[in-house]
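Secondary and tertiary structure notes
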Amino acid sequence: MTLSTEAHLTAGDAAGATVEGLRPWVAIQRNRRSGAGRQYHALTALIRELRRQGWQPRLFSSRVELDAAVRHRPEHPPRAIVAAGGDGTVLDVLSRHPGLPMAILPLGTENLLARYYGIPPRDGVAVARMIVAGRTRRIDLGVVGDRRFSVLVSCGFDAEVVRRLHESRCGPITRLHYAPPLVQALASYPYPEVRTYVDEAMEPLIGGMVVVANLPRYGLHLPLVPTAIPDDGLFDIRVFPHRSVPGMLYDLLYLLMRGAWWGGGLPCVRGRRVRIESDRPAPVEVDGDPLGTTPIELRIEPSAATLYVP
């Protein structure tokens, strides 16, 4: 059975459920780039286990079709929207449907939010049972422009690497794909000065890179902002003073060797609103996706999302 056939069957089943208005249904947002191999088996396992539990799954590759299905019967919303993909898919679902409970079927490279809550990767049966069990957590969401995010926004060198990676992306990402853009950024990134204003502070924090975190997870398990808590109503903001490659390496080694919780000479503050500026445009990324350049403004939405957890 192909994935397209599975999608057709689940759409038909859920249409009947909508008419009856009785059986719970689940919308599954599939990332087209995460549909082969083990990812395919995880999706079909999720669908079969939901059916076995008496729930109606609907699989969508099109965001427009999923949004239309959710709007069609507002009195009978899905019990969950499953983000089946990586951190970018999670970000997309949270931005479009923050008011609906979300589950994650981790199919990406880092899976930061899923890893934090112990959601097993590529395990459709476990995710289906997690949804049916109904245990949820309320988490904060950050807002930047018209986008919401669960993990972090960063500005500086790492955002430049993300920008270069996505410009050349043509399929699923592995950690090896970061090597070429990393080398390119090391050779050419100009390290503009970045000014960060937190809440009502008149004086900015100044550096070459800033991370505004809602979650302590970061790619490659780097302890950049390990004090962040996803349900405390606050961002944790860390400013890195480096303006060069040696400075960046020093800041990173400082955290790794001195102990990430100590922090020492790397400023880390908490706040609800953040404004980031620079005289020369600096790249920005949100949850692993490029987000243009400075200036940007961010705010926190406490307890804005509901997430199914094990």
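Preceding this section is the structure that the text describes.
Every chain begins its residue count from 1, and numbering advances along the sequence as written. The predicted nature of this model means local features are confined to residues of pLDDT at least 70 and side-chain atom pairs, given and counted, to a pLDDT of 80 or more, with totals for whole chains, interfaces and linings taken over all residues. Think of the side-chain values as coming from all heavy atoms in the structure, minus any hydrogens and water.

Here the bond from threonine 294 into proline 295 is cis, since omega is 5°, no more than 30 degrees from zero. Inspection of the secondary structure assignment puts proline 295 in the loop between strand 15 (289–293) and strand 16 (296–308). Even without a glycine there, the phi angle at arginine 122 is positive, about 55°. Remark: exposure states derive from per-residue accessible area (1.4 Å probe, protein chains only) relative to the maximum for the residue type, with buried under 20%, exposed over 50%, and partly exposed in between. Taking the relative accessible area as the measure of exposure, arginine 122 reaches 27% and is therefore partly exposed. One non-glycine residue, serine 303, adopts positive backbone phi at about 50°. Helix and strand assignments come from DSSP, with helices taken as H or I runs of at least 4 residues and strands as E runs of at least 2, each series counted from the N terminus. By secondary structure assignment, the location of serine 303 is in strand 16. With a relative accessible area of 34%, serine 303 lands in the partly exposed category.

Once that is clear, we can look at the pairing of strand 3 (residues 80–85). The element strand 3 is largely enclosed, with a buried count of six among its six residues. For strand 1 (residues 25–30) and strand 3, the ladder comprises five bridges, and the chain directions are parallel. Bridge assignment links alanine 27 to a residue of strand 3, and that residue is isoleucine 81. At least two bridges found by DSSP between two strands are what make those strands a pair. Sheet topology places strand 3 next to strand 4 (residues 102–106); five bridges connect them, and they run parallel. When the bridges of strand 4 are listed, valine 82 appears paired with alanine 103.

In this section: the pattern of salt bridges. It is possible for side chains of opposite charge to pair when their charged atoms get near one another. The salt bridge definition used is simple: a Lys or Arg side-chain nitrogen within 4 Å of an Asp or Glu carboxyl oxygen. A full pass over the atoms with the stated rule returns 20 salt bridges. Measuring nitrogen to oxygen at the nearest pair gives 2.9 Å for the salt bridge that ties glutamate 49 to arginine 52. Residue glutamate 49 and its partner arginine 52 are both found in helix 2 (residues 38–52); the two are separated by three residues, about one turn of the helix. Given the relative accessible area of 6%, glutamate 49 is considered buried. On the basis of relative accessibility, which here comes to 56%, the residue arginine 52 falls in the exposed class. Connected through shared salt-bridge partners, Glu193, Arg195, Arg243, Arg275, Glu277 and Asp279 make up one network.

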